[in-house]
Structures are given as C-alpha cells and as structure tokens.
Amino acid sequence: MKHLWIAAAVSGLLAGCSAEKQQEPANTISQQQAPNVMLNTDVPAPVAKKVPFEMTAHGINRTDNYYWMRDDSRTNKEILAHLEAENAYVESVLSPLKETREKLYEELVSRIEKDDSTVPAFYNGYWYYTSYSGENEYPIYLRKSTLDSDPEVLLDANVMSEGHDYFSIGDYSVSENNELLAYSQDTLSRRIYTAYVKNLKTGEKLNDVLEGISGTILWANDNTHLFYVKKDPQTLLGYQVYRHKLGTPQTDDVLVYEETDETFYTFIGKSKDADEIYIYHSNTEKTGVTIIDANNPTQAPEIFLPIKDGQEYSVAKLGDEYYVLTNIDAKNFKVMKAPAETKNDLSTWEEVVPHRSDVFVQSIEVLANHLVVKEKENGMLRLVVHNIETGEQKVLPTQDPIYGAYFNANTQVDTNVLRIYYSSLTTPGSILDVNLDTFETKVMKQTRVSDTFDSNEYASERVMVDARDGTQVPVSLVYKKARFKKDGTNPLYQYAYGSYGSTVEPTFRSSWVSLLDRGFVVAIAHIRGGQMLGREWYEDGKMENKVNTFTDFIDVSKGLVAQNYADKDRVFAMGGSAGGLLMGAIVNMEPSLYRGVSAHVPFVDVVTTMSDPSIPLTTGEYTEWGNPASKAEFEYMLSYSPYDQVEAKGYPNMLVTTGLHDSQVQYFEPMKWVAKLREFKTDDNLLLFQTNMEAGHGGASGRFKRFESTALEYAFVMHLADVEL
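Structure report, in brief.

**Thoughts on the overall build of the protein chain**
From N to C terminus, the protein chain includes 13 helices and 38 strands. Whereas a compact globule of 725 residues would reach a radius of gyration of roughly 27 Å, the protein chain reaches 26 Å, a difference of no more than 12%. Looking at the protein chain residue by residue over its 725 residues, the buried ones come to 58%. Taking the 68 positively charged and 103 negatively charged side chains of the protein chain as two groups, their mean positions are separated by 3 Å.

Written out as structure tokens, the structure reads:
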C-alpha cells in the first residue's frame, strides 16, 4: 500500500474538501445566442490617427500606419492618452457587467488562503519560508533556527511596497555565515532590479547598492563577495557577470564574464553543496555552463564543456562528479556522469540513463544516493528513481493518469527525501516529501480551494486529435461531471502556449473552477512548439515549421467539436505572450471558428520587432522565430505575423490586454494591432483593449489584485457564452 503514495496521501486530504463593410461574418452577435445582458456597444471606440511609416527589406515594402505608437520612454502624452481612452472604452462597454466582474473577483480571491505560508525549506542551519496574512498583497520572508522557534523577519514586502504601484522581490540570498542578506527589488515591472545588502544582526542597511541587474544575487563563501548579472538598459539582455566586494562602489566591481553573442541569455546559480557558482549560457539551440569556485571567488572561471552548435547540457554536482543532462548524440536527451577532473573530456563520461527515441528526459534531481529523472513517454509524465549505489530503478506511482510534478526546494545533498510539487487538473497543488528508499510519502501541504470543493466532482481526460497533416495532438481536458454532457452543448475554453519548447503541464488552476462550475470544458492543447512529445515536437513548431503551432490549435478546436466535447458556437481561445502570437494567428486564419478570443500581452508584430535589435529581448529570439536578415526567414515570418496579416474581414469578439511597462512584449505591439484591427475589421463584434498602466509582462504584482484581470476576462467569456453567473 505504501506504493500508492500519492493516491493515499492526497485523496485523503481531498475527501472533505473602418474598411468597407463586407458580408457579415457568421460569428457576429446577431447570429449567435443572444447575450444575457446588453452591453453598451453604441459607445464609439477610440480611433487612432494614421501616420504612414515606410519600411523596406529584401525588396518588400511595408507601410506601418501605427509605428508612431512606440515610445520607449513611456512619457508621450498622446500615446498615454490613447491608452487611457481605450481603458475608458472597455469600462463603458462592459459597464453592465460591473456586478458580474465584482462577483467573479470575489469568487476568485475567495480561493486564496488569506493566512498562508510556504513549507519551510532547510538550508545552512535555518528553515526558510514565506508567509501571507489577512488582506496583505505581498509576502513576508522569514527564517527559523528550528521549526519550533520564533521566526526572524528577513523582508516584509508589504512595508517595502508602500508608495509603489508595483513591487516585486526578485531574489534574496543569505551569506554563508548567516549574518548578511542581499536582496533585489523591482518597482516598475521592467524586470530591471536594484540590489541591497542588510545586516541581519543589527538590521542596518549597508551602503552597497547594485543597480540595473537581472535580479539574482549570489554570495561567495567568503561572505564578502557577491555575484550578479548586469542588464543592457536598452535591450534588457543580461550579458555581464560582475563580482562585487562589500564596502566598495558598484563602479569598482570586477567584470567576470561578458556575453558578446546577443543570441544568448545569461543567468547565474549555485550548486546544491554551495561550492560552485554557475554562469548559464542559454540559446534556444545550444547551452553551456561556466564554473566559479565559490570558495575562491577571485579565481578565473572555467568552462565546463565548450559550447557547440546544437549541443545542450546542464549539470548537477555530487561530490567529485557531475550528473549531466544532455542532448549530445541524444535528441531526446540522456543522463551522463562526468568526473570533475576530466569533465572537458567526453570520452571519460559514463552513461547513466541512455537515450531513447520514444522517451523525452525533461529534468533531473540528484541527492546523495539517488538520481530522480523526470521523463515523458507519449506525453505521459513519470518520475523514475535510480538508486546510485545499487542501480535499481523504480517509478513513483501516482493517483492521476495525467498530472504535473516539479522538483521543489531540494536544498540538501545528503538526504534520501525528495520534495516535489504535485498537481493534476482535478487535484490542487500539493507539496510532498517522498522517502526514496521506502516511497513513503508525507503531504506537507495542499493548496486549499474552498470548504466545499470536492475534486471527485471533476474529471480529466487525455484525448488525441488529428491535425491536418495526420499528426496526433495530445489534449488535456477537465470538466465538472454534473455539468458535462458530451453532446456538443458545453462551451469550450481552450488554452495553449506552443513556443520555446515550453511544456504546459496538466496542473490545477483554482481560477478554472469558476469556468468548470458553469459548464465549461477547459482544454490544454499540447501543440507543436512545446515539448510534450519530445524534442522533435518542439522543432516541428519553430522557425520554418512555426505554422504547425497555429494549425494544431485550430485543428484541436475542430476536433473537440467533432468529438462532442464542445458547442461549435461557443468555442473560446486564450493565450498570452508567445501564446498571444498564437491567438493573433488563429483569428487571421480561422476567425469564424471562435466565439471569443483573449490575447494577453501578445507578441503580434513579429517582423518589425525581430528586425529591430534595439527592442528588448529580440536578438535572443533569432533561433526561435528567425533572423530577418535572412530573406527566407523574413518572408516566412511575414507570412504569419498577426499584425502584418490583418485584412478586411470579420473577426471574433476579442479581448486584448497588456502592461505599459512590459519588458518582454512591448505595449505598442498590441496597441498597434488593435488600431489596425479596428481599421480593417468588417464585423460588429467586440474589440476591447485594456492596458495596466502600472504593470509589466506578468500583470499586477499583488496576490489579490492580479485577479482583477482574470475577472474581466471571465466576465467577457461568460457573457458571450450566455451562461448564468
């Protein structure tokens, strides 16, 4: 029975618990189900001025009438006024839904535990955790010398956030002698952080201030030196690693590493045993690691293995050896073991987990006597425990056929206890401690949903849908049993991302309960561009194969309708960032398929953005989308770029959101897109555009406030679906 560790442990907790108008498209409000509330659609929408801006590349001429909307300083009064006018338009049109939005907001935040804390994690003599209380929006960061002792407050973000519309702690790090705290904060939401140092004995804030950094700060083991990544203020790329000595000005900091290849992202981290600091070099097609001796921080860094095209690896240190997750001669990755003395010599590496063409090795965790491998076969996740001493392998059994699991706060090396975050579409997130020798499991915490929530009232499925080229696309579904009929009458809310190899795992989202309880089927489409089915799945959805991402999503929508999971007249789609690009593409390709589309912080002006290396985070994306300097890559991106492909036709109801200070997808992309859609669209459907004037890519910073945007979207969707609140 102990092998049913998740089934027994988790289920026990859950038991209680203006172009010329053309023919009106088929998806306008007048030809759909009548909404239950009449919106103020007579309110005139903001009309943007047109200022032609000519661009020529590879003999192709483009005219961008809304290029003027770009203002890197975000101070242009005309632009700000237009954004405010768009916000006012949203509020005017949706004013009849005011009570609906308020009710949804209260419902959403009611699932957030007001007095809450994370499970303490032990590191270097202390238990570290964060805590929330009452109506406070932000966490308090604490530590204890023992679990029974009184907590010591390290940082109180509620106090620190006073006077700021946006506030975020990027990272915090305690020195090895436990006496000094370094932390970084962002008060603009551009993900450019400033770091400070605090004496934990006296509470005194030191004079050391590190500006323009990426967020992460790491102590060397001498308690005197700090390492951080400096960002380029224009492109926002982290590209320089510096060493700072306490008591000296930032101008005296020593440049340890500088990345000259603008297609790379640069990050830093530290080994679990604290002996090494790592510089991570990340390109979408090649990666590498450089090592700094944390005990001798002034020594020159050493590359682990030279970076080569198409070669990726990451390392986990265990004593005098490294476990290496790599794709060297292994498209779907394998695990190797490398001796520290000869780590640069591949001939000395030993294979631990072989490459298998049908199994994708996603990540690893290494403890004293165990290697835990997170892998997928046919898109189905499993955690395989390898006993390092005996070579024995065991799969951790799970309750749910489809689920997500992540290694969580495994800060110790010398332990046989693995901590994971476990969740499924019907099981709220749980923190579990698993004894890797016995598989006995302790539920350290499970996220509370409500006093009445019962996971047994919901069901999830994994279905396969045929894409137009014959490829089968996996889809994860969840619905409320009592509201699901499988007769083609349920509204569908379909979500996907589909880029960078990012896999959207089928995990629980408390906000989705508001949709499920009202009869929606929620679907995650695991389309190409992610890695649900392995590395090839990613490669078939990037660069010259990018259109597969869009057609997969469309084919999933059609397939779910054909299989009677969805009402053909009530199909809704949602995506953000690169998933917002997906939304822009599908509304150009198949607008009549969707009743409503929500596009959050959408990357929609692909060609113009990728052609301008001064726009933040552009050059690092060349190997994902293409480099416009190449004629073939330029033309391919142009063929699907949502902004460039807007034309005179009917579009579905649309809600577009952004943040003024977005550092990843600049606000002017969706702003321009909405203006052009208004100019060309031939329908009378809703086109709403809301800008959070205080936030960036991730939205509002407060734990409650962020649900205001979710309530807006759900009110928009539920109204169009004509469902009762």
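Further notes follow.
**Overview of the pattern of salt bridges**
Under the definition given, this model contains 47 salt bridges. K50 is the salt-bridge partner of E679, the closest N and O atoms lying 2.9 Å from each other. Taken together, the residues E679 in helix α12 (residues 668-680) and K50 in the loop between α1 (5-14) and β1 (53-57) connect sequence positions 629 residues apart. Since its relative accessible area comes to 16%, E679 is described here as buried. By relative accessible area, K50 is classed as partly exposed at 47%.

**Focus: the pairing of strand β12 (residues 225-231)**
Counting buried residues along β12, 6 of its 7 residues qualify, which places the element largely inside the surrounding structure. Following strand β11 (residues 205-219), the chain reverses through 5 residues before pairing antiparallel with β12; N223 in that reversal takes a positive phi of roughly 60 degrees. Where β12 and strand β13 (residues 238-245) come together, 7 bridges link them in antiparallel fashion. Bridged to K231 within β13 is G238.

**Brief notes about the environment of S95**
Among the structural elements, S95 can be located in the loop between α2 (77-93) and α3 (98-109). By relative accessible area, S95 is classed as partly exposed at 34%. A sequence separation of 56 residues divides S95 from L39, and the C-alpha atoms of the two residues are 7.3 Å apart.

**Re the side chain of T507**
Mapped onto the fold, T507 is located in the loop between β33 (492-495) and α5 (513-516). Residue classification places T507 among the buried positions, given a relative accessible area of 13%. When residues no more than four places from it in sequence are discounted, the contact partners of T507 are G404, Y406, S423, S424, L425 and W512.

**Some words on α12**
Side chains three or four residues apart in an α-helix point the same way, a direct result of the helix having 3.6 residues per turn. A rise of 1.5 Å per residue sets the reference length of α12, with its 13 residues, at 18 Å; its end C-alpha atoms lie 18 Å apart and thus fit the reference within 8%. Along α12, 12 of the 13 residues are buried, which leaves the element largely enclosed by surrounding structure. Listed in full, the buried residues belonging to α12 are F668, E669, P670, M671, K672, W673, V674, A675, K676, L677, R678 and E679.

**Structural notes on the nonpolar core**
Counting residues in hydrophobic clusters, the biggest one holds 115 residues, and the most contacted among them are F553, L560 and W673. Here this core takes 10 residues from helix α13 (residues 707-721), the largest share from any one element. With residues near it in sequence (within four places) discarded, W673 still touches G584, V587, A599, P602, V604, P642, Y643, V646, M654 and V656.

**Some points on the sheet that holds β11**
The sheet built from 7 strands is open, its strands ordered β8-β9-β10-β11-β12-β13-β14 with antiparallel pairing. The open sheet has two free edges, formed respectively by β8 (168-174) and β14 (254-258), since each of these has just one partner strand. Shown here is a sheet whose adjacent strand axes are inclined to one another by a mean of 30 degrees, direction ignored.

**Remarks on the packing of α2 against α12**
Relative to each other, α2 and α12 sit at 65 degrees, their axes nearing to 12 Å. When the axes of α2 and α12 are compared, the crossing they make is left-handed. Taking contact as the criterion, the partners of I79, H82, L83, E86 and Y89 in α2 are, on α12, M671, V674 and R678. Within the contact of α2 with α12, the residues separate by chemical class into 5 nonpolar, 1 polar and 2 charged.

**Description of the packing of helix α7 (residues 547-562) against helix α8 (residues 578-589)**
Between two packed helices, the angle of one axis relative to the other and the distance separating the axes together describe the packing. In the contact formed by α7 and α8, the axes pass within 9 Å of each other and the chain directions differ by 65 degrees. As judged from the angle between their axes, α7 and α8 are roughly perpendicular. Taken as a pair, α7 and α8 cross one another with a handedness that is right-handed. Along its contact with α7, which presents V547, T549, F550, T551, F553 and I554, the element α8 presents L581, L582, M583, A585, I586 and M589. A breakdown of the residues in the contact of α7 with α8 according to their chemical character gives 10 nonpolar, 2 polar and no charged.

**Quick word on the side chain of S663**
Tracing the sequence through the fold places S663 in the loop between β37 (653-659) and α12. Relative accessible area serves as the criterion here: at 3%, S663 is assigned to the buried category. Setting aside residues no more than four positions away along its own chain, S663 makes contact with S189, R190, R191, L236, P616 and L617.

**A closer look at the sheet that holds strand β19 (residues 313-318)**
In a beta sheet, neighbouring strands pair by backbone hydrogen bonds and run either parallel or antiparallel. Spatially, the 4 strands line up as an open sheet ordered β19-β20-β21-β22, and their pairing is antiparallel. Strand pairing shows two members of the sheet lacking a second neighbour, β19 and β22 (350-353), which therefore form its edges. Geometrically, the sheet is characterised by an average inter-axis angle of 30 degrees between neighbouring strands, direction not taken into account. Two strands pair when backbone bridges link them, and β19 and strand β20 (residues 321-326) are joined in this way by 6 bridges, in the antiparallel orientation. Directly across from K317, in β20, lies its bridge partner Y322.

**A look at the packing of aromatic side chains**
The description of an aromatic ring pair rests on the distance of the ring centres and on the angle between the ring planes. The tally for this structure, following the rule as stated, stands at 27 aromatic pairs. On the basis of an interplanar angle of 75 degrees and a centroid distance of 5.5 Å, the ring pair of F453 and F508 is categorised as edge-to-face. With F453 in the loop between β30 (441-446) and β31 (458-466) and F508 in the loop between β33 and α5, this residue pair connects regions lying 55 residues apart in the sequence. Exposure remark for F508: the relative accessible area of 13% places this residue in the buried category. Every member of this aromatic cluster is reached through a ring pair, and the members are F304, Y313, Y322 and W349. The ring of Y495 carries R509 above its face, with NZ or CZ at 4.9 Å from the centroid. Over the aromatic face of W537 sits the side chain of R528, whose NZ or CZ is 5.7 Å from the ring centroid.

**Some points on the environment of K376**
Inspection of the secondary structure assignment puts K376 in strand β24 (residues 370-377). For K376, a relative accessible area of 2% corresponds to the buried category. With 158 residues separating them in the primary sequence, K376 and G534 have C-alpha atoms 7.6 Å apart. Once you skip the residues sitting within four places of it in the chain, K376 turns out to touch D358, V359, F360, Q362, L381, T503, E505 and M532. Among the polar contacts made by the side chain of K376, one reaches the side chain of E505 at a distance of 2.6 Å.

**Some thoughts on unusual backbone geometry**
Residues apart from glycine generally show negative phi values, whereas peptide bonds are mostly found in trans. In the Ramachandran plot, N124 falls in the positive-phi region, its phi being about 50 degrees despite a non-glycine side chain. Tracing the backbone shows N124 in the loop between β4 (121-123) and β5 (126-132).

Cut-off values and rules
- Residues numbered from 1 in each chain as written.
- Predicted model: local features only at pLDDT ≥ 70, side-chain atom pairs only at ≥ 80, totals over all residues.
- Heavy atoms only, no water.
- Helix = DSSP H or I, 4+ residues; strand = E, 2+ residues; numbered from the N terminus.
- Rg over C-alpha atoms; globule rule 2.2 N^0.38 Å.
- Buried < 20%, exposed > 50% of the residue type's maximum accessible area, 1.4 Å probe, protein only.
- Lys, Arg positive; Asp, Glu negative; His and termini not counted.
- Charge placed at Lys NZ, Arg CZ, Asp CG, Glu CD.
- Salt bridge = Lys/Arg side-chain N within 4 Å of Asp/Glu carboxyl O.
- Pairing = 2+ DSSP bridges.
- Contact = heavy atoms within 4.5 Å.
- Expected span 1.5 Å × (residues − 1).
- Core = buried A, V, L, I, M, F, W, Y, C linked by side-chain atoms within 4.5 Å.
- Axes fitted to C-alpha atoms, helices over the stretch in contact; angles between N-to-C directions.
- Left-handed = near helix turned anticlockwise from the far one by under 90°.
- Nonpolar A, V, L, I, M, F, W, Y, C, P; charged D, E, K, R; others polar.
- Parallel < 35°, antiparallel > 145°, perpendicular 65-115°, else oblique.
- Phe/Tyr/Trp six-rings, centres within 6.5 Å; stacked < 30°, edge-to-face > 60°.
- Lys NZ or Arg CZ within 6 Å of the ring centre and 35° of its normal.
- Polar contact = N/O pair within 3.5 Å; in protein donor to acceptor, adjacent residues only side chain to side chain.

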